[in-house]
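# Reading the structure
Chain residues, written in single-letter form:
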Amino acid sequence: MIRLIDVHLMCAMDRPYRGGKDVTPRFKRHFVVLTIGEFDDEVMIMIFSKIILWHLDTRGFSKEFDPCIDEVVLGTLEVYKESLLNLLPTPAKCHYVFNLRDFSKVIQVSSLIPVLNHIMLLGREIKIYFKNNCTG
């Protein structure tokens, strides 16, 4: 027999989607229910910009990439907002609703690309080559 002492269980869930089922009040009574609203755009930009900046700094990227951070985050935010507006759940696919997790996955993938540093170096070498050989 297993004896559990001082066990804390933490759960997370999204609001029930259209046609979905909520958990029963009998189950919810065991938890403290907290609600977090959606973040403002400025907050999301700040959070995800810091995440990308940290990834670039820890992987040894030069500071030349810092202006790209805002472009990646703003572009991702724009696509995310358009997805929320235009890719609504359908009766056949009512189980999928875009949320902040999708936004986060795009930022994760963009911060895991170590090849960008090599591409930047190659681009710089090409610019130097053309500057030295193709200008009078």
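Description of the structure in this document. Position numbers for residues start from 1 in each chain and track the written sequence from start to end. The predicted origin of the model limits local features to residues at a pLDDT of at least 70 and limits the giving and counting of side-chain atom pairs to 80 or more, whereas totals for whole chains, interfaces and linings rest on all residues. Side-chain numbers here rest on the full set of heavy atoms in the structure, without hydrogens or water.

### Quick notes on the overall build of the chain
Condition: Runs of E in the DSSP output that reach at least two residues are strands. Runs of H or I that reach at least four are helices, and both are numbered from the N terminus. Burial here depends on accessible area, computed with a 1.4 Å probe over protein chains only, as a share of the maximum for the residue type. Under 20% is buried, over 50% is exposed, and the range in between is partly exposed. Any two residues having at least one pair of non-hydrogen atoms within 4.5 Å are treated as being in contact. Reported accessibility uses the Shrake-Rupley method at a 1.4 Å probe radius. Residues are deemed covered only where the shown protein chains occlude them.
Each helix and strand in the chain was counted, giving 5 helices and 0 strands. In the chain, the order of α-helices and β-strands from amino to carboxyl end is α-α-α-α-α. Residues counted as buried form 15% of the 136 residues belonging to the chain. For the chain, the share of sequence-separated contacts (at least 6 apart) that also reach a separation of at least 24 residues comes to 62%. Counting only carbon and sulfur atoms, one obtains 63% of the accessible surface of the chain, whose full area is about 11,800 Å².

### Topic: the environment of L77
By the secondary structure assignment, L77 is in helix 3 (residues 66–86). Taking the C-alpha atoms as reference points, L77 and I107, separated by 30 residues in sequence, lie 10.0 Å from one another. Other than its neighbours up to four places away in sequence, L77 contacts D41, M44, I45 and F103.

These figures capture arrangement, not role.
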